[in-house]
Amino acid sequence: MKPPRPFFQPLAIGAPAPLRELPVRLERMIHFVPPHIDKLRGKVPELAKQVDVVLGNLEDAIPVDAKEAARKGFIEMANAAGFGSTGLWTRINALNSPWVLDDITEIVGAVGHKLDVIMLPKVDGPWDIHYLDQLLAQLEARYSINKPILIHAILETAQGVNNVEAIALASPRMHGISLGPADLAASRAMKTTRVGGGHPDYKVLADPAPGESARTAAQQDLWHYTIAKMVDACVAAGIKPFYGPFGDFSDAAACESQFRNAFLMGCLGAWSLHPSQIEIAKIVFSPDPHEVEFAKKIVAAMPDGAGAVMIDGKMQDGATWKQAKVLLDLANLVAAKDPAMGARYGL
Ligand code: GLV
Ligand code: MG
């Protein structure tokens, strides 16, 4: 690994210095837009007011004969809207594809000054991040871009999961990592065709009660191990973990449950692939008003986080004070974007 000092030097003469701290932004949902479809592209200025991140998708789900139209459409939609505090991201094609070089060079050349994050699919190891890192620095220098474009990796290959810690630490350009359950299932030869969520056959069977034959079974979470590993790798590296896609748009309850499990385990947001999932992500990834209320009590009782107090019969100490701060910081971000939620938080 690089020693600390060169880690924060630009990789090209004239490129902006890497960020020491990630920008503080609300990223509850990363909303996917297929930029080759005129009608959906036309809705982006309005959409940008409703979501935290707008992402122009160039990779899977974009037909091969629409790859160039999607790239051009992304540049058009980036130019057409003002994004304010809403993030502007793109998911480029994989590094071994015939489209990726033009994705990167044309997009950074045309709208690199507006682009916050490039999502890189099928990352196997830190070498993939190093390649994009170097290329972005060269392009930033060429086009006089003064804010570094960040990289967000998708964790969707078995090799990537093995190397997730090294990926998270690969560059100060790393913004975060999303779980990609569809490609990961394929890479691992998991026996499911679902995009995220549980599977009715993945369950634990309880022992029968004495003298009875009936047994209860509970479905388990197929993604628990990977999400936990990803959250640890990201948080240890100071970057952000996200759940990715949930494919069954007709099952809002299962989507909410998958998002909520990811939120409780430390993820900051998820992808929304359908407008109905925007509201689900808002509900799940905004902290619960009762939790915020309690967090306020903790911080009021222990302003500097020292010592221990009892609140409503529950022990509070330095660790619960830090948990309370996480919730309050998030609630403040939500309140700034969404005054109705701010009123519910009393902020
Ligand atoms: C996302 O890209 C996935 O493969 O789940
Ligand atoms: Mg994928």
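Described below are features of the structure shown in this document. Please read all numbers here as calculations on a predicted model, not as lab measurements.

Before going further, it helps to spend a moment on the site of ligand 1. Neighbouring residues of ligand 1: Arg-91, Glu-156, Gly-180, Pro-181, Ala-182, Asp-183, Pro-245 and Trp-271. In this structure, Glu-156 approaches ligand 1 through a side-chain N or O atom, which is 2.9 Å from an oxygen atom. A distance of 3.1 Å separates an oxygen atom of ligand 1 from a polar backbone atom of Pro-181. Using a 2 Å cut-off from the grid points, one finds that ligand 1 occupies the second largest pocket. The leading source of residues in the shell around ligand 1 is helix α9 (residues 181-188), at three residues.

What follows is about the packing of aromatic side chains. Both the distance between ring centres and the angle between the ring planes are used here to describe each pair of aromatic rings. Scanning the entire structure with this criterion turns up six aromatic pairs. Here Phe-7 and Phe-8 contribute two aromatic rings whose centre-to-centre distance is 5.6 Å and whose plane-to-plane angle is 80°, an arrangement assigned as edge-to-face. With a relative accessible area of 18%, Phe-7 lands in the buried category. Given a relative accessible area of 23%, Phe-8 falls into the partly exposed group. With a centroid separation of 5.9 Å and 45° between ring planes, the pair formed by Phe-259 and Phe-285 is classed as tilted. Note that Phe-259 is positioned in helix α11 (residues 252-264) and Phe-285 in helix α12 (residues 275-285), a separation of 26 residues in sequence. Accessibility assignment for this pair places Phe-259 and Phe-285 in one class, buried. Ring pairing ties together the aromatic residues Tyr-243, Phe-259, Phe-263 and Phe-285, which thus form one cluster.

Each value, and the rule that gives it
Residues numbered from 1 in each chain as written. Chains lettered and ligands numbered in written order. Predicted model: local features only at pLDDT ≥ 70, side-chain atom pairs only at ≥ 80, totals over all residues. Heavy atoms only, no water. Near = heavy atom within 4 Å. Polar contact = N/O pair within 3.5 Å; in protein donor to acceptor, adjacent residues only side chain to side chain. 1 Å grid on protein atoms, 1.4 Å probe; cavity = no way out; pocket = protein on both sides within 12 Å on 5 of 7 lines; lining within 4 Å. Sits in = over half its atoms within 2 Å of the grid points. Helix = DSSP H or I, 4+ residues; strand = E, 2+ residues; numbered from the N terminus. Phe/Tyr/Trp six-rings, centres within 6.5 Å; stacked < 30°, edge-to-face > 60°. Buried < 20%, exposed > 50% of the residue type's maximum accessible area, 1.4 Å probe, protein only.

The values reported here are purely geometric and, on their own, carry no functional implication.
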